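The lines below spell out each chain.
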Amino acid sequence: MACISYTFKTSCLFLLFIVAASRPANKPKVFNVRRYGSKPDGKTDNANAFTSVWKSACGRKSGSSKIYVPKGTFYFGGIEFVGPCKNPIEFIIDGTLLAPANPMDIKQHIWINFRYINDLSISGSGILDGQGEQSWPLNDCHRNPNCPKLAMNMGFAFVNNSNIKDITSLNSKMGHLNFYSVHHFNITGVTITAPGDSPNTDGIKMGFCSNIQISKTNIGTGDDCIAILSGTTNLNISNVKCGPGHGISVGSLGKNKDEKDVKDLTVRDVVFNGTSDGIRIKTWESSASKILVSNFVYENIQMIDVGNPINIDQKYCPYPPCEHEQKGESHVQIQDLKLKNIYGTSKNKMAVKLQCSKSFPCKNVELIDVNLKHNGVEGGSSTAVCENINGSASGNMVPQHCLN
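Residues numbered from 1 in each chain as written. Predicted model: local features only at pLDDT ≥ 70, side-chain atom pairs only at ≥ 80, totals over all residues. Heavy atoms only, no water.

1. Some thoughts on the nonpolar core
- Ranked by internal contacts, the top residues of the largest apolar core, which has 90 residues, are F114, F156, I237 and Y298.
- Setting aside anything within four residues of it in sequence, one finds Y298 in contact with V250, L265, V267, I279, I281, L337, K338, L339, K340 and I342. (Core = buried A, V, L, I, M, F, W, Y, C linked by side-chain atoms within 4.5 Å. Buried < 20%, exposed > 50% of the residue type's maximum accessible area, 1.4 Å probe, protein only. Contact = heavy atoms within 4.5 Å.)

And the structure:
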């Protein structure tokens, strides 16, 4: 554009500014894993190629990076993506990431592990295939002290301001998605799948995390759909379908020293279908830690043929006999718990089980509009049991409540 006089120079510069401003902002640089030597043949070990892609994307000094995994099956053993990175990273997975079938071929406890990263976004139509079928018979640590360590599908440690969206995790050897010391993280539209009899295949497991959002997610596994462990705060779960599995579980808590409080949990608009448990809080009868579990809200929860729809168990002992230092006296204090509009069907007659600690009774437990009907083979109406609990009930109550 030619500017032939002073009068027009200002106008020309203004037009040039408008043209420049209308251009899209700096687009992220795309790092296609195929260009780094990876082969989508389902048998070539692509660990080195994926590591090289990560180093290039993470180390880029200016502008964000986008790692792209196209359609195809990319096999590799254990891999770690470690920061800190210079700028935000988008990791798009449209292909299938395939783990070794032999668990001994993964030399770390998490197959795909992200650590020390901020501003990470994982998305795509891809699948994390853990090929866990060969490993599940080996998962017998409760009776075999020499059991092998099996890898979880994907893990996040010290990852902040990040998210994962639309990915499918399939047939993990152990848990599917593991979070440790993660803060401000969104999980949306994820599908997690393993057979109902696959042991210890927790869907989402987290500890020492805060400000986590889980929404529009479908989970069906052989263990907890979501396991909430020590030190987790400000967790919001909504529009989740759970089943098969063991429900949404807080705990187990109290077994180890130096555990931290679990507080500020909200669970809304969740469906449990055919699970062993629905709403579940479990603490060890013999506690090594004195911690607080508080400020929980469960609302608009549907139970479809659930074994134990509401289950507070402060005498947790999965493989008896358990060692008891102070039998029957968990040191975990549960308080400020609200359950509202909980409805559906229970496979067991005891639809509501609130068994709290004798030394630290549950406080301020509120039941509002609970309607859980028994439809199991034993017949009869649903029942409730309460031990060492203070609270109140209002609205429609089926079974008849047992609160003081």
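2. With respect to the UniProt feature "active site" (unreviewed entry) in the protein
- According to UniProt, the "active site" (unreviewed entry) feature falls on H246.
- Separated by 3.4 Å, the side chain of H246 and the backbone oxygen of G222 make a polar contact. (UniProt positions renumbered as here; feature names shortened; annotations may be inferred. Polar contact = N/O pair within 3.5 Å; in protein donor to acceptor, adjacent residues only side chain to side chain.)

3. Brief notes about the environment of N102
- Here N102 is to be found in the loop between β7 (96-98) and β8 (110-118).
- Considered as a pair, N102 and E133 are 31 residues apart in the sequence and their alpha carbons are 9.5 Å apart.
- Ignoring any residue separated from it by four or fewer positions in sequence, one finds N102 in contact with Q134 and K173.
- For N102, the side chain forms a polar contact with the main-chain nitrogen of M104, separated by 3.0 Å. (Helix = DSSP H or I, 4+ residues; strand = E, 2+ residues; numbered from the N terminus.)

4. With respect to the pairing of strand β11 (residues 152-165)
- One ladder, built from seven bridges, connects β8 with β11; its direction is parallel. For I112, the partnering residue across the bridge sits in β11 and is M154.
- Alignment of β11 against strand β13 (residues 177-180), held across four bridges, turns out to be parallel. Considered in β13, the bridge of G155 is made with N178.
- In this sheet, strand β14 (residues 183-188) lies alongside β11 in parallel orientation, the contact comprising five bridges. Bridging across to β14, I164 finds its partner in I187. (Pairing = 2+ DSSP bridges.)

5. Points about the side chain of S65
- Among the structural elements, S65 can be located in strand β3 (residues 65-69).
- A polar atom in the side chain of S65 sits 2.9 Å from the backbone oxygen of A57.
- For S65, the contacting residues outside a window of four places in its chain are P28, K29, F31, A57, R60, P88, I89 and E90.

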